[in-house]
There are 4 protein chains.
Amino acid sequence: MTSVDASPTDIARLIISCPDQPGIVAAVSDVITDLGGNIISLDQYSTGVAGGRFFQRTVFHLPGLAAARPSIEEAVQTRLAARFDMEWSLTDAGTPKRVAIFASKADHCLLDLLWRHRRGEIPMDIAMVISNHPDLADDVRPFGIPYIHVPVDKGDKAAAEARHLELLKGNVDLIVLARYMQIISEDFLREVGAPVINIHHSFLPAFIGAGPYRKAKERGVKLIGATAHYVTKDLDEGPIIEQDVIRVSHEDDVAQLTRFGADVERAVLSRAVQWHCEDRVIRNGQTTIVF
Amino acid sequence: MTSVDASPTDIARLIISCPDQPGIVAAVSDVITDLGGNIISLDQYSTGVAGGRFFQRTVFHLPGLAAARPSIEEAVQTRLAARFDMEWSLTDAGTPKRVAIFASKADHCLLDLLWRHRRGEIPMDIAMVISNHPDLADDVRPFGIPYIHVPVDKGDKAAAEARHLELLKGNVDLIVLARYMQIISEDFLREVGAPVINIHHSFLPAFIGAGPYRKAKERGVKLIGATAHYVTKDLDEGPIIEQDVIRVSHEDDVAQLTRFGADVERAVLSRAVQWHCEDRVIRNGQTTIVF
Amino acid sequence: MTSVDASPTDIARLIISCPDQPGIVAAVSDVITDLGGNIISLDQYSTGVAGGRFFQRTVFHLPGLAAARPSIEEAVQTRLAARFDMEWSLTDAGTPKRVAIFASKADHCLLDLLWRHRRGEIPMDIAMVISNHPDLADDVRPFGIPYIHVPVDKGDKAAAEARHLELLKGNVDLIVLARYMQIISEDFLREVGAPVINIHHSFLPAFIGAGPYRKAKERGVKLIGATAHYVTKDLDEGPIIEQDVIRVSHEDDVAQLTRFGADVERAVLSRAVQWHCEDRVIRNGQTTIVF
Amino acid sequence: MTSVDASPTDIARLIISCPDQPGIVAAVSDVITDLGGNIISLDQYSTGVAGGRFFQRTVFHLPGLAAARPSIEEAVQTRLAARFDMEWSLTDAGTPKRVAIFASKADHCLLDLLWRHRRGEIPMDIAMVISNHPDLADDVRPFGIPYIHVPVDKGDKAAAEARHLELLKGNVDLIVLARYMQIISEDFLREVGAPVINIHHSFLPAFIGAGPYRKAKERGVKLIGATAHYVTKDLDEGPIIEQDVIRVSHEDDVAQLTRFGADVERAVLSRAVQWHCEDRVIRNGQTTIVF
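Residues numbered from 1 in each chain as written. Chains lettered and ligands numbered in written order. Predicted model: local features only at pLDDT ≥ 70, side-chain atom pairs only at ≥ 80, totals over all residues. Heavy atoms only, no water.

## Regarding the overall build of chain A
Phase 1: Secondary structure assignment for chain A yields 8 helices and 13 strands.
Phase 2: On C-alpha atoms alone, chain A measures out to a radius of gyration of 21 Å, which is about the 19 Å that the 2.2 N^0.38 rule sets for 291 residues.
Phase 3: With the principal axes as the frame, chain A shows a C-alpha extent of 60 × 40 × 35 Å.
Phase 4: Taking all 291 residues of chain A together, 58% fall into the buried category.
Phase 5: In chain A, the share of contacts with a sequence separation of at least 24, taken over all contacts with a separation of at least 6, comes to 66%.
Phase 6: Total accessible area on chain A is roughly 11,000 Å²; 52% of this is exposed by carbon and sulfur atoms.
Phase 7: Distance from the positive charge centre (31 side chains) to the negative charge centre (39 side chains) of chain A: 4 Å. (Helix = DSSP H or I, 4+ residues; strand = E, 2+ residues; numbered from the N terminus. Rg over C-alpha atoms; globule rule 2.2 N^0.38 Å. Buried < 20%, exposed > 50% of the residue type's maximum accessible area, 1.4 Å probe, protein only. Contact = heavy atoms within 4.5 Å. Areas by Shrake-Rupley, 256 points an atom, 1.4 Å probe, with all protein chains shown as cover. Lys, Arg positive; Asp, Glu negative; His and termini not counted. Charge placed at Lys NZ, Arg CZ, Asp CG, Glu CD.)

Printed below as a string of structure tokens:
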């Protein structure tokens, strides 16, 4: 799970899931080999042999990948998907995900993503940064990325979301909420056509909703955490991608918890975005598999 | 917080709490010095200068401590407690806390406490192990500690608690629930006259109640944890003493979470018991201060 | 890497390594499928596509494994090993490794292995405990495992090693040095015919040799650690299987570092032994691959 | 150790060290109280009661601190330093340390310090950034801090150090080497008159010198780390302030270790600089005390 997929020329990733049954690994290997591909890595997981669901991420090298893509897709569909009742997707590791980042006033998650992107750590193209505030424009501009200020009027959130959809539909593969302090509507999620990753500033399912650091102080916990998850219509209930914690003590007030928490938030969100962009994360109901 | 208080002859610990105001540290230092004591360590914490509460743990060496105790207590009462509206307690580091451990069938927390006690890591005398099952008797006996089997009849829990009170009242300073799988009644807590520490097998406040590892699996968390807390009448709501977590993945089923969790549980409970026995833990409403 | 291989009936593990080249994963899958096996999990690693070495651990279910073993071995040899210049081994997950544990006077690593073994966490049979001291016999006996006292005379270490070889040769698959405080000779390693795992009480390569906690105190490190490694003729230089650390402070003296370190040592050694017994660890020169 | 000292008006920090003997804590408390000060926090440590050395950090509030400073210094000197053979320093928490940061081409440690400084997390004034390369100028400028390019000619390092001394002498209280890839000479250390903190990209004392991530890969360690330490004339041997580690696996190549390590480096260096700027770090021979 830890290493970055480097040198992505002619590298494909095949993600599959299907009811578990004998022979899937071998069948996938055969198809890839028959197509002239060489398997570089292969991860698989089953929720249970009898009646369970099987998941596999296969990375393979295939010279002339772009030209061969239609024949690969046909082979997967006819020889695998039909036989195993399979859901699948095929991505070219050389095509970075197009990402939009949403932020509000806090800079830590946004800057960490921009820094890592500039250093080449995350295989993504950042298409735009969208914010309901103008504050962070000067921080984003030196990175050469458009900063789009879309104010959100409390009385007319739909207008802002309509503007968001104009900007995003068809243009991005992933939306990252980097401490964006607005609720995303169910309509938006349905229409935008791309997964949305959020960072919540607590160790979910503890401290759902607003003010988690204040709640953590009141409860007297000895660790605080952060959670990156896919956004669903249920607030803070989406499938968890990554979590981490940091030790705190009775001495730390809410302001200090917020400072410590910022370090955990940015680390957790960056890992979640990287893994998603490397096609390592598969949703399985209300949970995720992270290969 | 980390080091063990060794060589406890003539070492006293004075724990105080009072409304915060200027001059408390100096006043305490003066009293101890006037009595012939030498301050070895001093920790303090205030919840806020204006209107806040002040807490201090002072460890000092005073030759002939046992004989001098009445005069120390008088000095603390008249020169400190009266002036600062102070709650306080004075303990002799050479007098270990008398402890009863409750267990059911799981051995990991119990064995870890017995083993650390034998190594001299925790300044306590284990007076007895009480269990609602006979299973662990053979494990406890080699440590030379009484194992008392008190079955709990579902229809008459009061009978078991009456037997517990007979065994415990006046005989112990601390009760440790080392994965004891019975609810403790409010009556018992009121009557037993000693604090009760429990280990809960989740990172509270996540997964309160029964089956936390199953709930953790269902929610798809990426870390599981354990929490040691004082028991109050509200289930899993008492002041938290210590918590820790361990990383898990989608591959780990509930049985594996339970195994990983066992390691965290025993570590967290042992630290909480050690700190309590060293008078490092002070309750502050629903939270604790751990010096 | 984290989950225990449970319910091992008719489960085989095939471990291979060979020069990397295209087609290995598919070829292995084909052979297993042709034999009637179903691949449960498959991990692979290459040190580099051009000129690198390839490693794979494949776990598969094959009904009637015991009877089919000769035909599996023949197929692997003729269809895989010959073609890919492969080193390989095949183990039956239902046959636990036979293990001898060496200890001296410290009980923490030994007891932790015995506890975990009794709870069924590690798939091994502990054939015997060998010690150069009689001290721990009473701790071992309740577990129903032979405790064999082989004193080591400083002037005639060869006599003790001869006795060890008598006990061990042909009888065990793994030797675990659980804080055994004697140097193992090169002759012994060559003759005993089983791998030897040691726990060193430092974060190697820091603090090689005797007295690592004293050296750690003198150097003023802020973390101390432990390292489980295969024993080679070069002291503390063997391939590392697992390491971990714990935070310490200036307050902690050498005795306290030793106490904290004991917790890390037992955790690290237990993980290394478990992974070895599950055939997850493959030696690669002076390093290991841990699947 | 964890909380930031906030609202520093009229807050003083008194750091002392002296041979240990009874009565020091009380004597310090008396002097501060007599001067009209109120002790806010007090940490102390002794290397041993008999023949040991005693260290204390006392933070106190004293209205009109700036005006009262001469009288405080006189009282400390005459009533404490003379009596206890004490080394001491007194700082005003409202006067941030003046800091120069040295960098080369890597941006991660530098950016993290600049960003934390802007957020107000570290009580320092960054007087200048000095680099032997021009590369990072554009990153530094938006923070409003001078970026001074001082090329280092291999054949004439003395010229560069002379330029450094011109810039630094009398102008800064602390020098931070944020992955500055040049050896600092003994002459420079003696003349510059300010402590120098370096971040080394390994868990010292493992992997001293150049190329620690390559060495870590070759040795096959399972954790990599970073160490912040005061620079002395002996390379990588100075007193350690802070260390941390991150888990890696056989899959991670040197480039990936370098990326993971960067996260640990920036975290460790930022903590070390913060603690130094809060006067929490006291040197004790080749080690440090961190209150």
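Here the narrative resumes.
## Some points on the UniProt feature "active site" (unreviewed entry) in chain A
Phase 1: This chain's UniProt record puts "active site" (unreviewed entry) on A:D236.
Phase 2: Inspection of the secondary structure assignment puts A:D236 in the loop between β10 (223-230) and β11 (240-247).
Phase 3: Those residues within four positions of A:D236 in sequence are excluded, and the remaining contacts are A:N198, A:H200, A:L204, A:I208, A:G209, A:H229 and B:R219. (UniProt positions renumbered as here; feature names shortened; annotations may be inferred.)

## Side note on the nonpolar core
Phase 1: One finds B:L113, B:L269, B:V273, C:I101, C:L113, C:L269 and C:V273 to be the most contacted residues of the largest nonpolar core, which totals 74 residues.
Phase 2: In this structure B:L113 touches B:I101, B:I122, B:M124, B:I126, B:V176, B:A178, B:L269, B:S270 and B:V273, once residues within four positions along its chain are discounted. (Core = buried A, V, L, I, M, F, W, Y, C linked by side-chain atoms within 4.5 Å.)

## Considerations on the interface of chain C and chain A
Phase 1: The interface is formed by 14 residues belonging to chain C together with 14 residues belonging to chain A.
Phase 2: Of the roughly 1,100 Å² buried between chain C and chain A, counting both surfaces, carbon and sulfur atoms make up 54%.
Phase 3: At the junction of chain C and chain A, the tally comes to 0 salt bridges.
Phase 4: Where chain C meets chain A, there are 5 residue pairs in polar contact (both at pLDDT 80 or more). (Buried area = accessible area lost by both parts, 1.4 Å probe. Salt bridge = Lys/Arg side-chain N within 4 Å of Asp/Glu carboxyl O. Polar contact = N/O pair within 3.5 Å; in protein donor to acceptor, adjacent residues only side chain to side chain.)

## Brief notes about the pattern of salt bridges
Phase 1: Tallied over the full model, the rule gives 108 salt bridges over all chains.
Phase 2: A salt bridge links B:E166 to B:R163, with the nearest nitrogen and oxygen atoms 3.5 Å apart. Of this pair, B:E166 and B:R163 both sit in helix α5 (residues 157-168), 3 residues apart, which is roughly one turn of that helix.
Phase 3: Among the residues examined, B:R163 registers a relative accessible area of 36% and is labelled partly exposed.
Phase 4: For C:E242, the salt bridge is made with D:R247, and the minimal N-O distance between the two is 3.0 Å. With one member in each of two chains, C:E242 in strand β11 (residues 240-247) and D:R247 in strand β11 (residues 240-247) form a pair that bridges those chains.

## Topic: the packing of aromatic side chains
Between two aromatic rings, the relevant description is the distance of the centres plus the angle of the planes.
Phase 1: Summed over the entire model, instances satisfying the criterion amount to 8 aromatic pairs over all chains.
Phase 2: Considering the side-chain rings of B:W115 and C:W115, the 6.3 Å spacing of their centres and the 85° angle between planes classify their relative orientation as edge-to-face. Of this pair, B:W115 sits in helix α3 (residues 108-119) while C:W115 is found in helix α3 (residues 108-118), placing the two residues in two different chains. With respect to class, B:W115 is no different from C:W115; both count as buried.
Phase 3: Measuring from ring centre to ring centre gives 5.0 Å for C:F102 and C:Y180, while their planes differ by 80°; the resulting arrangement is edge-to-face. A residue pair is termed long-range when its members are at least 10 positions apart, and C:F102 in strand β5 (residues 97-103) and C:Y180 in the loop between β8 (174-177) and α6 (186-192) qualify at 78 residues. Like C:Y180, C:F102 is buried. (Phe/Tyr/Trp six-rings, centres within 6.5 Å; stacked < 30°, edge-to-face > 60°.)

## Thoughts on the interface of chain A and chain B
Phase 1: Contacts between chain A and chain B engage 32 residues on the former and 32 residues on the latter.
Phase 2: Among the residues of chain A in contact with chain B, A:R219, A:K222 and A:H250 are the three that bury the most area, contributing 28% of the side total.
Phase 3: Linking chain A to chain B there are 18 residue pairs in polar contact (both at pLDDT 80 or more).
Phase 4: Mapped by element, the contributors of at least two residues to the side of chain A that touches chain B are α7 (212-219), β11 and β13 (287-290) of chain A.
Phase 5: With 7 residues, the single largest contributor to the side of chain A that touches chain B is β11(A).
Phase 6: Considering only residue class, the side of chain A that touches chain B consists of 14 nonpolar, 7 polar and 11 charged. (Nonpolar A, V, L, I, M, F, W, Y, C, P; charged D, E, K, R; others polar.)

## Observations regarding the sheet that holds strand β2 (residues 38-46) of chain C
What links the strands of a sheet is backbone hydrogen bonding, and the strands pair in either a parallel or an antiparallel sense.
Residue and element names in this part refer to chain C.
Phase 1: The sheet built from 4 strands is open, its strands ordered β2-β3-β1-β4 with antiparallel pairing. In the strand order of this sheet, the two ends are held by β2 and β4 (87-92), each with one partner. For this sheet, the mean inter-axis angle between neighbouring strands, taken without regard to orientation, is 10°.
Phase 2: Sheet topology places strand β1 (residues 11-19) next to strand β3 (residues 53-61); 9 bridges connect them, and they run antiparallel. From the neighbouring strand, P19 faces β3, where its bridge partner is R53.
Phase 3: The sheet strands contacting helix α2 (residues 65-84) are β1, β3 and β4, and the helix crosses β4 at an angle near 165°. (Pairing = 2+ DSSP bridges. Axes fitted to C-alpha atoms, helices over the stretch in contact; angles between N-to-C directions.)

## Re the relation of the copies chain C and chain A
Phase 1: Overlaying chain C on chain A yields an RMSD of 0.0 Å, the required transformation being a rotation through 180° with an accompanying axial translation of 0.0 Å. Between the two chains, the operation in question is that of a two-fold axis.
Phase 2: Both copies present the same face, since 100% of the interface residues in chain C are matched by interface residues at the equivalent positions in chain A. (Least-squares fit on C-alpha atoms with pLDDT ≥ 70 in both.)

## Re the environment of A:L168
Phase 1: Structurally, A:L168 can be placed in helix α5 (residues 157-168).
Phase 2: In this structure, the C-alpha to C-alpha distance between A:L168 and A:G193, residues 25 residues apart in sequence, is 8.9 Å.

## Considering the sheet that holds strand β6 (residues 124-131) of chain A
Residue and element names in this part refer to chain A.
Phase 1: Here we have 7 strands laid out as an open sheet, ordered β7-β6-β5-β8-β9-β10-β11, and mixed in their pairing. The outermost strands of the open sheet, each flanked by one partner alone, are β7 (147-149) and β11. Geometrically, the sheet is characterised by an average inter-axis angle of 20° between neighbouring strands, direction not taken into account.
Phase 2: The pairing of β10 with β11 spans 7 bridges and is classified as antiparallel. Across the sheet, the residue bridging to G225 is V245, located in β11.
Phase 3: Running over the sheet, α5 touches β5 (97-103), β6, β7 and β8 (174-177) and is turned about 160° from β6.

## Observations concerning the domain arrangement of chain A
Residues and elements named next belong to chain A.
Phase 1: Once the domains are mapped, chain A shows domain 1 (11-92) and domain 2 (97-290).
Phase 2: If you average the C-alpha positions of domain 1 and of domain 2, the two centres end up 31 Å apart.
Phase 3: Each side of the interface is counted separately: domain 1 has 7 residues, and domain 2 has 9 residues.
Phase 4: Regarding the contact of domain 1 and domain 2, the summed buried area is about 700 Å², with carbon and sulfur atoms giving 60% of it.
Phase 5: It is R13, F55 and R57 in domain 1 that bury the most area against domain 2; as a group they hold 60% of the surface buried on that side.
Phase 6: Counting the contacts that link domain 1 with domain 2 gives 1 salt bridge.
Phase 7: In this structure, the connection of domain 1 to domain 2 is made through 5 residue pairs in polar contact (both at pLDDT 80 or more).
Phase 8: Of the residues in the side of domain 1 that touches domain 2, the class split is 3 nonpolar, 2 polar and 2 charged. (Domains from an automatic or database assignment.)

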